[in-house]
Amino acid sequence: AQSVTQLDSHVSVSEGTPVLLRCNYSSSYSPSLFWYVQHPNKGLQLLLKYTSAATLVKGINGFEAEFKKSETSFHLTKPSAHMSDAAEYFCVVSDRYRDDKIIFGKGTRLHILP
Amino acid sequence: ETGVTQSPTHLIKTRGQQVTLRCSSQSGHNTVSWYQQALGQGPQFIFQYYREEENGRGNFPPRFSGLQFPNYSSELNVNALELDDSALYLCASSFYLLKGGYTFGSGTRLTVV
């Protein structure tokens, strides 16, 4: 069975400071991992994905995440937060060799303080 | 290439009624998945369609049903609506087993009163 735990429901950072959104996963199979962002009243946008190549994954808008199998983690980071980063972020896991569903975490709301 | 288009964007229904939501997949994608996102929650998997057949289902009752058409577009049907069915319904398309990620539509906001 697969599951995702996002360790913080809310994170607040000041503009220009680093962002860290934490995600731990559980998977019986080789996982694919994703981060999606959802701005208010918008659909979900893919930030980045890990499918089996490099463990450090770079995404859009300066975000990156590192797959750490020993820690079963896939934390999302950004060196310097921007006001436009304020949104809901979802960590997602799927079975790399099956495509029938993906499992979402409960989300982390990122607040950017001026 | 076009993205995923969902219609309608908003809908209000009465408890007990039936509703049909529509989704046009992204060009080149052959798989459509549906998700329910209740307020303040992460999306929950309803089901997926591939080659016009259901290819996996989450923990939703049979009154949630779907279709996929030869052009890969899809419908989600919900019968006997309940108040708890109020949510944002998201459609996502992908190319089966190509782990490029899913492309999501903007969703249909369903309110059951």
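Model, not experiment: these values are computed from the prediction.

Student: Just to check I follow, could you spell out the nonpolar core for this structure?
Tutor: Nonpolar side chains in soluble globular proteins tend to end up buried together. By size, the foremost hydrophobic cluster in this structure holds 26 residues, and its most contacted members are A:W35, A:L48, A:L76 and A:Y89. The residues contacting A:L76, other than those within four sequence positions of it, are A:V19, A:L20, A:L21, A:W35, A:L47, A:L48, A:F63, A:E64, A:A65 and A:Y89. Of all hydrophobic cores here, the second largest spans 19 residues; its members include B:L21, B:F64, B:A87 and B:C91.

Student: Any chance you could explain the sheet that holds strand β1 (residues 5–7) of chain B here in plain terms?
Tutor: Strand pairing in a sheet relies on backbone hydrogen bonds, with the paired strands running either antiparallel or parallel. Residues and elements named next belong to chain B. Taken in spatial order, the four strands line up as β1-β3-β8-β7 in an open sheet, and their pairing is antiparallel. The outermost strands of the open sheet, each flanked by one partner alone, are β1 and β7 (64–68). Geometrically, the sheet is characterised by an average inter-axis angle of 20 degrees between neighbouring strands, direction not taken into account. Pairing of β1 with strand β3 (residues 19–24) involves three bridges; the strand directions are antiparallel. Paired with Q6 across the bridge in β3 is C23.

Student: For this particular structure, what's the right way to read unusual backbone geometry?
Tutor: The general pattern is negative phi for most residues beyond glycine and trans for most peptide bonds. The step from B:S7 to B:P8 runs through a cis peptide bond, and the omega angle for that step is -10 degrees. With a phi angle near 45 degrees, A:T72 is a residue other than glycine that sits in the positive phi range. Among the secondary structure elements, A:T72 is positioned in the loop between β8 (64–68) and β9 (73–78).

Student: What's the story with the pairing of strand β8 (residues 74–78) of chain B in this structure? I'm lost.
Tutor: Regular strands place side chains that alternate from one sheet face to the opposite one. All names here are of chain B. Among the five residues in β8, five count as buried, and that is most of the element. A two-sided burial pattern is seen for β8, the buried positions comprising S74, L76 and V78 on one face and E75 and N77 on the other. Two elements, β3 and β8, share five bridges in a ladder whose sense is antiparallel. Note on β8: the bridge partner recorded for C23 is S74. With five bridges joining them, β7 and β8 adopt antiparallel strand pairing. Opposite Q68, over in β8, you have S74 as the bridge partner.

Student: What's the story with the confidence of the model for chain A in this structure? I'm lost.
Tutor: Low-pLDDT stretches of the model should not have their predicted coordinates read in fine detail. Put simply, chain A has an average pLDDT of 91, and 96% of its residues get 70 or more. Within chain A, the lowest mean pLDDT, 86, falls on strand β11 (residues 102–104) of chain A, and the highest, 98, falls on strand β3 (residues 19–21) of chain A.

Student: Whenever I open this one, the state of the cysteines confuses me. Can you help?
Tutor: In protein structure, a disulfide is the covalent linkage between the sulfur atoms of two cysteines. Residue and element names in this part refer to chain B. The final tally for this structure, using the stated rule, is two disulfides over all chains. For C23, the disulfide goes to C91, at an S-S distance of 1.8 Å. Looking along the S-S bond of the C23-C91 disulfide, the torsion reads about -60 degrees, which is the left-handed sense. Highlighted residues: C23 in strand β3 and C91 in strand β9 (residues 87–94), separated in sequence by 68 residues.

Student: I tried to follow the interface of chain A and chain B on my own but got confused; where do I start?
Tutor: When the parts of a complex come together, some accessible area is lost, and that lost area is often used as the size of the interface. Listed by partner, the interface residues are 23 residues for chain A and 24 residues for chain B. Here chain A meets chain B over a buried area of about 1800 Å², counting both sides, of which 54% is carbon and sulfur. For the pair chain A and chain B, the interface holds zero salt bridges. Connecting chain A to chain B are three residue pairs in polar contact (both at pLDDT 80 or more). Of all the secondary structure elements, the ones that give two or more residues to the side of chain A that touches chain B are β5 (31–38), β6 (44–50), β10 (87–95) and β11 of chain A. If you tally residues by element for the side of chain A that touches chain B, the top one is β5(A), at four residues.

Basis of the calculations
Residues numbered from 1 in each chain as written. Chains lettered and ligands numbered in written order. Predicted model: local features only at pLDDT ≥ 70, side-chain atom pairs only at ≥ 80, totals over all residues. Heavy atoms only, no water. Core = buried A, V, L, I, M, F, W, Y, C linked by side-chain atoms within 4.5 Å. Buried < 20%, exposed > 50% of the residue type's maximum accessible area, 1.4 Å probe, protein only. Contact = heavy atoms within 4.5 Å. Pairing = 2+ DSSP bridges. Helix = DSSP H or I, 4+ residues; strand = E, 2+ residues; numbered from the N terminus. Axes fitted to C-alpha atoms, helices over the stretch in contact; angles between N-to-C directions. pLDDT = per-residue confidence, 0-100. Disulfide = S-S within 2.5 Å. Buried area = accessible area lost by both parts, 1.4 Å probe. Salt bridge = Lys/Arg side-chain N within 4 Å of Asp/Glu carboxyl O. Polar contact = N/O pair within 3.5 Å; in protein donor to acceptor, adjacent residues only side chain to side chain.

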